[in-house]
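Secondary and tertiary structure notes
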Amino acid sequence: MRHSAFQGMLRSKRAELANERVSRDAIAVERVPEAMDDVQHTANREISIASMSRHWRTIRAIDAALDRIGEGAFGECEACGEAISERRLQAIPWAHLCLNCQEAEDAAEDAAAGGTIPARAA
């Protein structure tokens, strides 16, 4: 697939995200009289914050991918310099890492967060 096709996909996805209404009302801090209602409201607020964060991170990643197209670096892994597979770019056109480097980054983030990586079943 040519870079112009990816550029069109990226611009379309960016426009879609930019037009979505991201409600800040869901993250308003309110006190409610019932403890269970307060717990539910807090959980809902945390989900909304995570969703908004993911939304804006995706827009920034799309902008960075459009910049890479302009610079002639689109489709190259920023970590190892190898080509990012066409299949990966079709699924996530704003990807900046090849699959191997993405998996290594995810594992490092999981380890830093104190999580464990499940062992593969034999």
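Because the structure is predicted, anything quoted here is derived from the model rather than measured. (Residues numbered from 1 in each chain as written. Predicted model: local features only at pLDDT ≥ 70, side-chain atom pairs only at ≥ 80, totals over all residues. Heavy atoms only, no water.)

Observations concerning the overall build of the chain
Summing up its helical and strand segments, the chain has 4 helices and 0 strands in all. Mapped in sequence order, the helices and strands of the chain form the string α-α-α-α. Counting across all 122 residues of the chain, residues that qualify as buried make up 23%. Intrachain contacts of the chain at a sequence separation of at least 6 include 48% that bridge at least 24 residues. Accessible surface computed for the chain: about 8700 Å², of which carbon and sulfur atoms make up 52%. (Helix = DSSP H or I, 4+ residues; strand = E, 2+ residues; numbered from the N terminus. Buried < 20%, exposed > 50% of the residue type's maximum accessible area, 1.4 Å probe, protein only. Contact = heavy atoms within 4.5 Å. Areas by Shrake-Rupley, 256 points an atom, 1.4 Å probe, with all protein chains shown as cover.)

A look at a negative patch on the surface
Taken together, Glu 103, Glu 105, Asp 106 and Glu 109 make up a surface patch of like negative charges. Judged by relative accessible area, Asp 106 falls into the partly exposed class, the value being 39%. (Patch = residues over 30% accessible without salt bridge, like charges linked within 9 Å, V, L, I, M, F, W, Y side chains within 5 Å. Salt bridge = Lys/Arg side-chain N within 4 Å of Asp/Glu carboxyl O. Lys, Arg positive; Asp, Glu negative; His and termini not counted. Charge placed at Lys NZ, Arg CZ, Asp CG, Glu CD.)

Describing the pattern of salt bridges
Overall, the coordinates contain 3 salt bridges when judged by the stated rule. A salt bridge links Lys 13 to Glu 16, with the shortest nitrogen-to-oxygen separation between them at 3.4 Å. Placement of both Lys 13 and Glu 16 in helix H1 (residues 3–19) is noted, with a separation of 3 residues, approximately one turn of the helix. On the basis of relative accessible area, Lys 13 is assigned to the partly exposed category, the value being 25%.

Considerations on the side chain of His 55
Mapped onto the fold, His 55 is located in helix H2 (residues 35–71). In terms of polar contacts, His 55 uses its side chain to reach the backbone carbonyl oxygen of Leu 17, at 3.0 Å. (Polar contact = N/O pair within 3.5 Å; in protein donor to acceptor, adjacent residues only side chain to side chain.)

Some thoughts on the nonpolar core
Of all hydrophobic cores here, the largest spans 16 residues; its most connected members are Leu 10, Phe 74, Cys 77 and Leu 89. For this core, the elements supplying multiple residues, two or more each, are H1 and H2. In terms of residue count, the dominant contributor to this core is H2 (5 residues). Beyond its immediate sequence surroundings of up to four residues, Phe 74 is in contact with His 3, Phe 6, Leu 10, Ala 65, Arg 68, Ile 69, Leu 89 and Pro 93. (Core = buried A, V, L, I, M, F, W, Y, C linked by side-chain atoms within 4.5 Å.)

Topic: the layout of surface pockets
Computed from the structure, the largest pocket encloses a volume of approximately 170 Å³. As for the largest pocket, its lining consists of Arg 88, Ile 92, Trp 94, Ala 95, His 96, Gln 102, Glu 105, Asp 106 and Glu 109. Among the elements that line the lining of the largest pocket, the one with the most residues is helix H4 (residues 99–112), at 4 residues. Taken together, the residues of the lining of the largest pocket break down into 3 nonpolar, 2 polar and 4 charged. (1 Å grid on protein atoms, 1.4 Å probe; cavity = no way out; pocket = protein on both sides within 12 Å on 5 of 7 lines; lining within 4 Å. Points joined across faces, edges and corners; volume = space filled by probe spheres on them. Nonpolar A, V, L, I, M, F, W, Y, C, P; charged D, E, K, R; others polar.)

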